[in-house]
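Listed below, chain by chain, are the residues.
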Protein chains: 2
Amino acid sequence: MKNLRDVESELRKHILFSALTPEQLTLVARHSRIVHLVEGEILFQQDQPAERFFRLCSGQIKLSRLSMEGTEHVIEVVHPGQPFAEAVLFMKKRVFPVNAEALMPCDVLAVDSAIFLQILYDSRETCFRLMADMSYRLHIFVNEIDNLTLQNATFRLVHHLLQQIRDCKAETADIELVTSKQILASRLSIKPETFSRILKTLSQQGLLTVNGRTIHIRDVQGLRCFGS
Amino acid sequence: MKNLRDVESELRKHILFSALTPEQLTLVARHSRIVHLVEGEILFQQDQPAERFFRLCSGQIKLSRLSMEGTEHVIEVVHPGQPFAEAVLFMKKRVFPVNAEALMPCDVLAVDSAIFLQILYDSRETCFRLMADMSYRLHIFVNEIDNLTLQNATFRLVHHLLQQIRDCKAETADIELVTSKQILASRLSIKPETFSRILKTLSQQGLLTVNGRTIHIRDVQGLRCFGS
């Protein structure tokens, strides 16, 4: 068992506690603890009352459900820094919807749900600060997902173009699209507007030019290095 | 100006209204409107009181700030489906921190901040439902970001490995890492634990085997197609 200060410092990393005053945080810390699990140890089981919610400090936790036929279905593997079972907190029926099992030795921050909910019930101001934080974080995340999706789509498109170049040593190349740009975009799981955005960026960087269905790669080596 | 039902259907897509009852939603809709902007039109200016917050239905909006020296700094380009200026809602000083300008013709859902805040003040239950929704959405987003980051890291590593293969027609290849795996991971901006996770996945799929600093690519063509 670690001391109160360690627990407080772990709590500060959890998004749900960003809005708490130092006094509220200390109160939560007094009702929280760091749990050590060995490999294979069960943290909680499906349908058990959810009196705590968690953040993984280190290790790996598997969340799984048993199907009606008794086969295990892995819902998620939790990595360090991720909160889990925190959505149950606000649910009417507070039971764990999954099993949680340590895949390796783990340190888990376990927080008392009732104490945290009481703080929110007692202070509308804290609720509003928390909603502000969550709304800000959601905003950041939406942008991050947008950027990452764009990066992934760019990788897929660049990879597809490079695959069409037969001559490994070529410095430039012309690629004739056999289908329309719409169909290619859809085959690469890229939204049409994102597809256009990527081609525009690549051409602004002098890597290629687009002329109808012909894509002229102006700098094959540059395209190979793109984004790496 | 569209009718109330159009506004309500746009509102339902905005995360902040997921928790509202039908009656509350109608009340918000009565105080919301769809604003049409032409290219270059200003929606709001920096330091103006923020009486509304928004969701972009179609088009593109540029959010920018003027620096002390008077040069424009683009903070963000908003794409359809994204909310914006919603974080101001919960702030003490409710003024827009940026300028918003239409980069092309836009449809923007504009919501009255005061009405929405009043609903939250009047109903703790709505606050709790909203916090539940936001916390759930944050959870989903954290996982999505984790997945996308992993995909990106995988693309970067696969791309790096393929670049080391000189013979274009080779079916298998041995790559000697000239640096340690830690240094390579850092050069590719991949966290060491993610790096190991990716190598493990690729070897589980029979694409490669790792032996100290030698990476044996068992299926070059398979690796080329990976993730595309």
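From a predicted model like this one, the values you see are computed outputs, not experimental measurements.

1. Quick look at the overall build of chain A
Consideration 1: On a plain count of helices and strands, chain A comes out with 7 helices and 11 strands.
Consideration 2: For a compact globule of 228 residues, the expected C-alpha radius of gyration is about 17 Å, and chain A comes in at 25 Å, more than 25% above that figure.
Consideration 3: Structurally, chain A occupies a C-alpha span of about 65 × 45 × 30 Å along its principal axes.
Consideration 4: A sequence separation of at least 24 residues applies to 72% of the contacts in chain A between residues at least 6 apart.
Consideration 5: Total accessible area on chain A stands at roughly 11900 Å², and carbon and sulfur atoms take up 50% of it.
Consideration 6: If you average the places of the 27 positive and of the 26 negative side-chain charges in chain A, the two averages end up 5 Å apart.

2. Observations concerning the sheet that holds strand β7 (residues 99–102) of chain A
Residue and element names in this part refer to chain A.
Consideration 1: Spatial strand order, β2-β7-β4-β5: 4 strands in an open sheet with antiparallel pairing. Of all the strands in the sheet, just β2 (42–44) and β5 (72–78) have a single pairing partner and so form its edges. On average, each strand axis in the sheet is tilted by 30 degrees relative to the strand beside it, whichever way the strands run.
Consideration 2: Note: β2 against β7, 2 bridges, orientation antiparallel.

3. Describing the interface of chain B and chain A
Consideration 1: Chain B puts 45 residues into the contact, and the matching count from chain A is 45 residues.
Consideration 2: Where chain B abuts chain A, roughly 4400 Å² becomes buried across the two surfaces, and 68% of that area is made up of carbon and sulfur atoms.
Consideration 3: In terms of surface lost to chain A, no three residues of chain B exceed Phe128, Met131 and Leu138 of chain B, which account for 14% of the buried area on that side.
Consideration 4: Between the two partners, chain B and chain A, sit 0 salt bridges.
Consideration 5: There are 12 residue pairs in polar contact (both at pLDDT 80 or more) connecting chain B and chain A.
Consideration 6: Residue assignment for the side of chain B that touches chain A shows that the elements contributing at least two residues are β6 (83–84), α3 (113–122), α4 (124–163) and α7 (220–225) of chain B.
Consideration 7: With 26 residues, α4 of chain B is the single largest residue contributor to the side of chain B that touches chain A.
Consideration 8: Its residues placed into classes, the side of chain B that touches chain A shows 23 nonpolar, 13 polar and 9 charged.

4. Some words on the relation of the copies chain B and chain A
Consideration 1: Relative to chain A, chain B is turned by 180 degrees and slid 0.1 Å along the rotation axis, the superposed coordinates differing by an RMSD of 0.1 Å. The two molecules are tied by a two-fold rotation axis, judged by turn and shift.

5. Description of the packing of aromatic side chains
Residues and elements named next belong to chain A.
Consideration 1: Throughout the structure, instances matching the rule amount to 21 aromatic pairs over all chains.
Consideration 2: Arranged with centres 5.7 Å apart and planes meeting at 55 degrees, the rings of Phe53 and Phe116 form a pair that is tilted. With Phe53 in strand β3 (residues 52–58) and Phe116 in helix α3 (residues 113–122), this residue pair connects regions lying 63 residues apart in the sequence. The exposure classification of Phe53 matches that of Phe116, with both residues buried.

6. What about helix α1 (residues 4–12) of chain A?
Residues and elements named next belong to chain A.
Consideration 1: Buried residues of α1: Val7, Glu8, Glu10 and Leu11, and no others. Along the axis of α1, the buried residues cluster in a sector spanning 160 degrees; they form a single face. Facing away from the buried side of α1, by more than 90 degrees, are the exposed residues Arg5 and Arg12.
Consideration 2: Of the surrounding secondary structure, the elements contacted by the buried residues of α1 are α2 (22–30), β1 (32–37), β3 and β8 (106–112).

7. Re the packing of helix α4 (residues 124–163) of chain A against α3 of chain B
In helix packing, the relevant descriptors are the interaxial angle and the interaxial distance, both defined with respect to the helix axes.
Consideration 1: Interaxial distance between α4 of chain A and α3 of chain B falls to 11 Å at its minimum, and their mutual angle equals 135 degrees. Judged on the interaxial angle alone, α3 of chain B and α4 of chain A are oblique. Between α4 of chain A and α3 of chain B lies a crossing whose hand is right-handed. Contact with α4 of chain A, carried on its side by Arg124, Phe128 and Met131 of chain A, involves Leu117, Leu120 and Tyr121 of chain B of α3 of chain B and no other residues of that element.

8. What about the pattern of salt bridges?
Side chains carrying opposite charge are able to pair once their charged atoms draw close together.
All names here are of chain A.
Consideration 1: Per the stated rule, a full pass over the model turns up 14 salt bridges over all chains.
Consideration 2: One salt bridge in this structure joins Glu8 and Arg12, with 3.7 Å as the shortest N-O distance. A residue pair is termed a helical-turn pair when its members lie 3 or 4 positions apart in one helix, as Glu8 and Arg12 do in helix α1 at 4 residues.
Consideration 3: Among the residues examined, Glu8 registers a relative accessible area of 13% and is labelled buried.

9. A short note on the confidence of the model for chain A
Consideration 1: Confidence along chain A averages 88 in pLDDT terms, with 98% of residues attaining 70 or more.
Consideration 2: The lowest-confidence element of chain A is helix α7 (residues 220–225) of chain A, averaging 82 in pLDDT; the highest-confidence one is β2 of chain A, averaging 97.

10. Topic: the side chain of Ser64 of chain B
Residue and element names in this part refer to chain B.
Consideration 1: Looking at where Ser64 falls in the secondary structure, it is placed in strand β4 (residues 61–66).
Consideration 2: Its relative accessible area of 4% is what places Ser64 among the buried residues.
Consideration 3: For Ser64, the side chain forms a polar contact with the side chain of Glu72, separated by 3.3 Å.
Consideration 4: Excluding residues within four positions of it along the chain, Ser64 makes contact with Gln46, Glu72, His73, Val74, Ile75, Val98 and Asn99.

11. Describing the packing of helix α1 (residues 4–12) of chain B against helix α2 (residues 22–30) of chain B
Residue and element names in this part refer to chain B.
Consideration 1: Interhelical geometry of α1 versus α2 gives an angle of 115 degrees and a closest axis separation of 9 Å. Judged by the angle between their axes, α1 and α2 are roughly perpendicular. Seen along the crossing, α1 lies across α2 with a hand that is right-handed. Packed against α1, whose contacting residues are Leu4, Val7, Glu8, Leu11 and Arg12, the element α2 presents Leu25, Thr26, Val28, Ala29 and Arg30 at the interface.

12. Observations regarding α3 of chain A
Consideration 1: For α3 of chain A, the full list of buried residues reads Ser113, Ile115, Phe116, Leu117, Ile119 and Leu120 of chain A.
Consideration 2: In this structure Asp112 of chain A caps α3 of chain A, since a side-chain oxygen of it lies 2.9 Å from the backbone nitrogen of Ala114 of chain A.

Definitions and cut-offs
- Residues numbered from 1 in each chain as written.
- Chains lettered and ligands numbered in written order.
- Predicted model: local features only at pLDDT ≥ 70, side-chain atom pairs only at ≥ 80, totals over all residues.
- Heavy atoms only, no water.
- Helix = DSSP H or I, 4+ residues; strand = E, 2+ residues; numbered from the N terminus.
- Rg over C-alpha atoms; globule rule 2.2 N^0.38 Å.
- Contact = heavy atoms within 4.5 Å.
- Areas by Shrake-Rupley, 256 points an atom, 1.4 Å probe, with all protein chains shown as cover.
- Lys, Arg positive; Asp, Glu negative; His and termini not counted.
- Charge placed at Lys NZ, Arg CZ, Asp CG, Glu CD.
- Pairing = 2+ DSSP bridges.
- Axes fitted to C-alpha atoms, helices over the stretch in contact; angles between N-to-C directions.
- Buried area = accessible area lost by both parts, 1.4 Å probe.
- Salt bridge = Lys/Arg side-chain N within 4 Å of Asp/Glu carboxyl O.
- Polar contact = N/O pair within 3.5 Å; in protein donor to acceptor, adjacent residues only side chain to side chain.
- Nonpolar A, V, L, I, M, F, W, Y, C, P; charged D, E, K, R; others polar.
- Least-squares fit on C-alpha atoms with pLDDT ≥ 70 in both.
- Phe/Tyr/Trp six-rings, centres within 6.5 Å; stacked < 30°, edge-to-face > 60°.
- Buried < 20%, exposed > 50% of the residue type's maximum accessible area, 1.4 Å probe, protein only.
- Arc of directions from axis to C-beta.
- Parallel < 35°, antiparallel > 145°, perpendicular 65-115°, else oblique.
- Left-handed = near helix turned anticlockwise from the far one by under 90°.
- pLDDT = per-residue confidence, 0-100.

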